[in-house]
Amino acid sequence: MTPGVGRGAGSAAPRSADVAQLAGVSRKTVSRVLNNEPYVSDEARRRVLAAADELGYRLNHAARALASGRTRSIGVIALGTAGYGTASLLVGIEQAVRDAGYALRVVNTPDGDPEGIAGAVESLLEQGVDGVVVSEPIVEGEVSVRLDVPVLFLGAPPAFTAPRTVTASVGACALARAATEHLLDLGHATVHHLAGPRRWYASKDRIEGWRAALAARGAHEPPLVEGDWSADSGYAAGLELASDSSVTAVFAAGDEMAIGLIHALREAGRRVPEDVSVVGFDGNPVFAYVSPPLTTVRQPFDAAAREGIRLLVHAIEKPDTELPPTSDPPVELVVRGSTAPPPSRESKGHFHTT
């Protein structure tokens, strides 16, 4: 690196003039390259990009050097899906960000693609965000990206490094444990689990809660069945579980899978809840109106978002202080008509047609 160029510990963020000096070009050339304008030689473009990368320079530094020192905006990286849980969490984040007096920038990503996540981070940083929220539930592989703002990871462990990382739980493990305990409290000897895709952090948390509840009661842990969050996968799992007359209780990791599961059980002659009890997960209000109404655990999307954004804003505005104490999200079990005590010993093994 050219002497006197760049930044050391505690120094100011690099400027376009620093990039120009290191690359040996004019500031106008730097501007043209970083704005992807024409009339720049390939060699000059290569030198500018290399210098900008070495210095960690991004276009947003000009905006962030305003008198306020911040753009008062927060970026969110979210999985590109319209699923109830993902969409509800995003709504909660938007409200919490707005209530904190910040603007929101959202970038959707492909399904767990590390390159897509890295690109999303770069896009948000170029927009000058003061902090980043990662609500991406899947990260497969190492995400290589340089950040110079605080990052909040919601419901997942950190996937990359930043000057300050904050994690906030959405309470999935505790909710899964409550769902399983409800079925055990009704008298079921054990609880089968219809899990989501195992590469999702949400699936891992729910499996952990299910296992913890069974272990605490000394109940046998049956082999879990894996779905993909869809009602179709729940239906396929229901056909598999219906053939086993010992199955009397199932905890499904998502409400939609629970509905597909119930449909398959009833087609196979297993009544719900008289023969098999089913508990879902998420708290989608639509499923209060199916038959039977679905017992579920309601995810505290708003509470988790508020808690996470509170921590992130603290990290942005008070970077040299410790984070405030945190509280666990609430656990809410919504008991409806899809759960009941297990069938009597005399009736077990006898299928009923519907």
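Nothing here was measured: the structure is a model prediction, and the numbers come from that model.

Q: Sorry, what's going on with the packing of helix α5 (residues 84–99) against helix α11 (residues 301–317) here?
A: Two measures define how a pair of helices packs: the angle their axes make with one another and the distance between the axes. Taken N-terminus to C-terminus, the directions of α5 and α11 make an angle of 45°; their axes are 8 Å apart at the nearest point. Put simply, α5 runs oblique to α11. α11 is crossed by α5, and the crossing has right-handed handedness. From α5, Tyr84, Gly85, Ser88, Leu89, Gly92, Ile93, Ala96 and Val97 reach across to α11, where they touch Phe301, Asp302, Ala305, Arg306 and Ile309. Classifying every residue of the contact of α5 with α11 gives 8 nonpolar, 3 polar and 2 charged.

Q: Looking at this model, I keep getting lost on the side chain of Asp275. Mind explaining?
A: Within the element layout of this structure, Asp275 appears in the loop between α10 (255–267) and β9 (277–282). Asp275 sits in the buried class, given a relative accessible area of 4%. At 2.8 Å, the side chain of Asp275 forms a polar contact with the backbone nitrogen of Arg271.

Q: Could you clarify how one ought to interpret the packing of helix α2 (residues 27–34) against helix α3 (residues 42–55) in this entry?
A: Viewed as axis vectors pointing N to C, α2 and α3 meet at an angle of 85°, and their least axial separation amounts to 10 Å. When the axis of α2 is compared with that of α3, the two are roughly perpendicular. In contact with Thr29, Val30, Val33 and Leu34 of α2, α3 contributes Ala44, Arg45, Val48, Leu49 and Ala52. Residue classes in the contact of α2 with α3 are distributed as 7 nonpolar, 1 polar and 1 charged.

Q: Would you take a moment to explain the sheet that holds strand β6 (residues 192–195) for this structure?
A: Two strands in a sheet stick together by hydrogen bonds in their backbones, pointing the same way (parallel) or opposite ways (antiparallel). Ordered by their spatial adjacency, 6 strands build an open sheet running β7-β6-β8-β9-β10-β11, and the pairing between neighbours is mixed. Both edges of this open sheet fall to β7 (225–226) and β11 (332–334), since each of them pairs with a single strand only. Its contacts with the sheet place helix α7 (residues 172–185) against β8 (249–252), β9, β10 (295–298) and β11, and it is angled at close to 165° to β9. Here helix α8 (residues 201–217) sits on the sheet in contact with β6, β8 and β9, set at roughly 175° to β6.

Q: Mind showing me how you'd approach the packing of aromatic side chains here?
A: In this description, a pair of aromatic rings is defined by centroid distance and the angle of the planes. Using the criterion set out here, one finds 3 aromatic pairs in the structure. An angle of 70° between the planes, with centres 5.4 Å apart, marks the rings of Trp200 and Trp229 as edge-to-face. Here Trp200, found in the loop between β6 and α8, pairs with Trp229, found in the loop between β7 and α9 (231–242); they are 29 residues apart in sequence, far enough to count as distant. In this structure Trp200 comes out as buried when scored by relative accessible area, which is 13%. Directly above the aromatic system of Tyr102 lies the positively charged group of Arg72, at a separation of 4.2 Å from the ring centroid.

Q: Mind showing me how you'd approach the pattern of salt bridges here?
A: When their charged atoms lie close together, side chains carrying opposite charge are able to pair. Scanning all chains against the criterion turns up 11 salt bridges. Across the pair Arg72 and Glu317 runs a salt bridge, and its minimum N-O distance is 3.6 Å. Of this pair, Arg72 sits in the loop between α4 (61–64) and β1 (73–79) while Glu317 is found in helix α11, placing the two residues 245 residues apart along the sequence. Among the residues examined, Arg72 registers a relative accessible area of 31% and is labelled partly exposed. In this structure, Glu94 engages Arg98 in a salt bridge whose closest nitrogen and oxygen atoms are separated by 2.9 Å. Highlighted residues: Glu94 and Arg98, both in helix α5, separated by 4 residues, approximately one helical turn. The partly exposed category is assigned to Glu94, whose relative accessible area is 29%. Salt bridges here are not isolated pairs; linked through shared partners, they connect Glu43, Arg46 and Arg47.

Q: Help me understand α3, please; the structure alone is not making it clear to me.
A: Since the α-helix packs 3.6 residues into each turn, any two residues three or four apart lie on the same face. In this model, α3 (14 residues) spans 20 Å end to end at C-alpha, consistent with the 20 Å of a helix rising 1.5 Å per residue. Looking only at α3, the buried set comprises Ala44, Arg45, Val48, Ala51, Ala52 and Leu55. Within α3, the buried residues cover an arc of 135° as seen down the axis, which keeps them to one side. More than 90 degrees from the buried face of α3, the exposed residues found are Asp42 and Asp53. Elements in contact with the buried residues of α3: α1 (16–23) and α2. Gly56 lies just past α3 and shows a positive phi near 75°.

Q: Is there a simple way to explain α1 in this structure?
A: Judged by how many residues are buried, α1 sits mostly within the fold: 6 of 8 residues are covered. Of all the positions in α1, only Ser16, Asp18, Val19, Ala20, Leu22 and Ala23 are classed as buried.

Q: Honestly, the environment of Asp302 in this entry has me stumped. Any pointers?
A: With respect to the helices and strands, the residue Asp302 is situated in helix α11. A relative accessible area of 44% places Asp302 in the partly exposed class. Taking the C-alpha atoms as reference, Asp302 lies 9.7 Å from Glu94; in sequence the two are 208 residues apart.

What counts and what doesn't
Residues numbered from 1 in each chain as written. Predicted model: local features only at pLDDT ≥ 70, side-chain atom pairs only at ≥ 80, totals over all residues. Heavy atoms only, no water. Axes fitted to C-alpha atoms, helices over the stretch in contact; angles between N-to-C directions. Helix = DSSP H or I, 4+ residues; strand = E, 2+ residues; numbered from the N terminus. Parallel < 35°, antiparallel > 145°, perpendicular 65-115°, else oblique. Left-handed = near helix turned anticlockwise from the far one by under 90°. Contact = heavy atoms within 4.5 Å. Nonpolar A, V, L, I, M, F, W, Y, C, P; charged D, E, K, R; others polar. Buried < 20%, exposed > 50% of the residue type's maximum accessible area, 1.4 Å probe, protein only. Polar contact = N/O pair within 3.5 Å; in protein donor to acceptor, adjacent residues only side chain to side chain. Pairing = 2+ DSSP bridges. Phe/Tyr/Trp six-rings, centres within 6.5 Å; stacked < 30°, edge-to-face > 60°. Lys NZ or Arg CZ within 6 Å of the ring centre and 35° of its normal. Salt bridge = Lys/Arg side-chain N within 4 Å of Asp/Glu carboxyl O. Expected span 1.5 Å × (residues − 1). Arc of directions from axis to C-beta.

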